[in-house]
Every structure is written in C-alpha cells, then in structure tokens.
Amino acid sequence: MTAEIFMAFFVAFFAFIVIGLLAGLVIGLRALNSKLDTLTKMAEPAINKVSDTLDTVQRVTMNVGEKTDAILSRGETLTGNVSGHVERTASVVQNTVTTPLINLSSTLAGVSKAFAVYGNAFSSKHNGRNKSSDHVKE
C-alpha cells in the first residue's frame, strides 16, 4: 500500500507540474498575443503611409510615362512635318535654280553655236574675197 500511495503521489505531482507548465504556456502566449496586437497597431500607420507613398509614386510614374509618350508622339509628328517641308523646299529650290541654269546653259550653247556659224560664214566670205582679189591682182 505504501507503494501505491507513493505512486499516486508521484503521478499527482507530475500532473501538477504539467498543468503548471501548460498554464504558464497559456499565460505566455496570451502576453505575446497582446504585445503583437500592440505592435500591429503601432505599425499600421507606418504601413498605411508607405502604401499611400507607393500609390503616389505609382501615379507620378504613370503621369511621367504618359507625358513622355505625348512628347515623343509630338516629336515624331514634328519630325515628319519638318521632313516634308525640307523635301518640298528642296524640290522648289531645285526647280527654281536648276531650270534657269539649264535654260541659261542652252541659251549659251545656242549663242556659242551662232557665233561659231557666223565666224565660219564670215571667214568663208572673207577668204573668198581675198582669193578673188588675189586672183585679180595676179
């Protein structure tokens, strides 16, 4: 019987120890939960500020991207317009300068040819008179 009492006492003692450890664990977990709630409440404003800041950065980035696209589109349109103006100006300059130069060149060639023909005709006439007058003098 002493052994049974000793065994019952031993089991009861360890049961109280286990119950004490479980109670301590429950109390510790509740305290930890309370501290985590406090930290979460303290961190929420900072998290909200960070979230708002990220939203603002995203909006600004989107605005900058849209403005950049608009500027690039306008630049492309402007480049196309300037290119068209340059081509038209080159065509006008070519027609304005080249056509008169061709006409002047043709006119000069005609005048040159006329002088050559006149020179040949004059020298033929002049040589013909000299030959006939030379023939008469002999």
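Residues numbered from 1 in each chain as written. Predicted model: local features only at pLDDT ≥ 70, side-chain atom pairs only at ≥ 80, totals over all residues. Heavy atoms only, no water.

Turning our attention to the overall build of the chain. When helices and strands are counted, the chain shows 1 helix and 0 strands. Against the 2.2 N^0.38 benchmark of 14 Å for 138 residues, the chain shows a C-alpha radius of gyration of 57 Å, more extended than a compact globule. Seen through its C-alpha atoms, the chain measures out along the principal axes to roughly 190 × 35 × 15 Å. Across the 138 residues of the chain, 1% fall into the buried class. Carbon and sulfur atoms form 68% of the exposed surface of the chain, whose accessible area is close to 12400 Å². (Helix = DSSP H or I, 4+ residues; strand = E, 2+ residues; numbered from the N terminus. Rg over C-alpha atoms; globule rule 2.2 N^0.38 Å. Buried < 20%, exposed > 50% of the residue type's maximum accessible area, 1.4 Å probe, protein only. Areas by Shrake-Rupley, 256 points an atom, 1.4 Å probe, with all protein chains shown as cover.)

This brings us to the packing of aromatic side chains. The way to describe two aromatic rings as a pair is by their centre distance and the angle between their planes. Within this structure, the stated rule accounts for 2 aromatic pairs. The interplanar angle of 70° and the centroid separation of 5.7 Å between the aromatic rings of F13 and F14 together place this pair among those described as edge-to-face. Three or more aromatic residues link up through ring pairs in this structure, and these residues are F10, F13 and F14. (Phe/Tyr/Trp six-rings, centres within 6.5 Å; stacked < 30°, edge-to-face > 60°.)

Attention shifts here to a nonpolar patch on the surface. Residues M7, F9, F10, V11, F13, F14, I17 and L21 make up a contiguous nonpolar surface patch of roughly 820 Å² in combined accessible area. When you line up the elements, I17 lands in helix α1 (residues 2-137). Judged by its relative accessible area of 34%, I17 falls in the partly exposed class. (Patch = residues over 30% accessible without salt bridge, like charges linked within 9 Å, V, L, I, M, F, W, Y side chains within 5 Å. Salt bridge = Lys/Arg side-chain N within 4 Å of Asp/Glu carboxyl O.)

With that settled, the discussion passes to the environment of T38. Within the element layout of this structure, T38 appears in helix α1. Note on T38: relative accessible area 41%, which makes it partly exposed. Counting along the chain gives 27 residues from T38 to V11, while the straight-line C-alpha distance between them is 40 Å.

When pLDDT is averaged along the chain, the result is 85; 91% of the residues meet or exceed 70. Within the model, the stretch residues 131-138 combines pLDDT values under 50 with 0 contacts to residues more than four positions away or in other chains. (pLDDT = per-residue confidence, 0-100. Contact = heavy atoms within 4.5 Å.)

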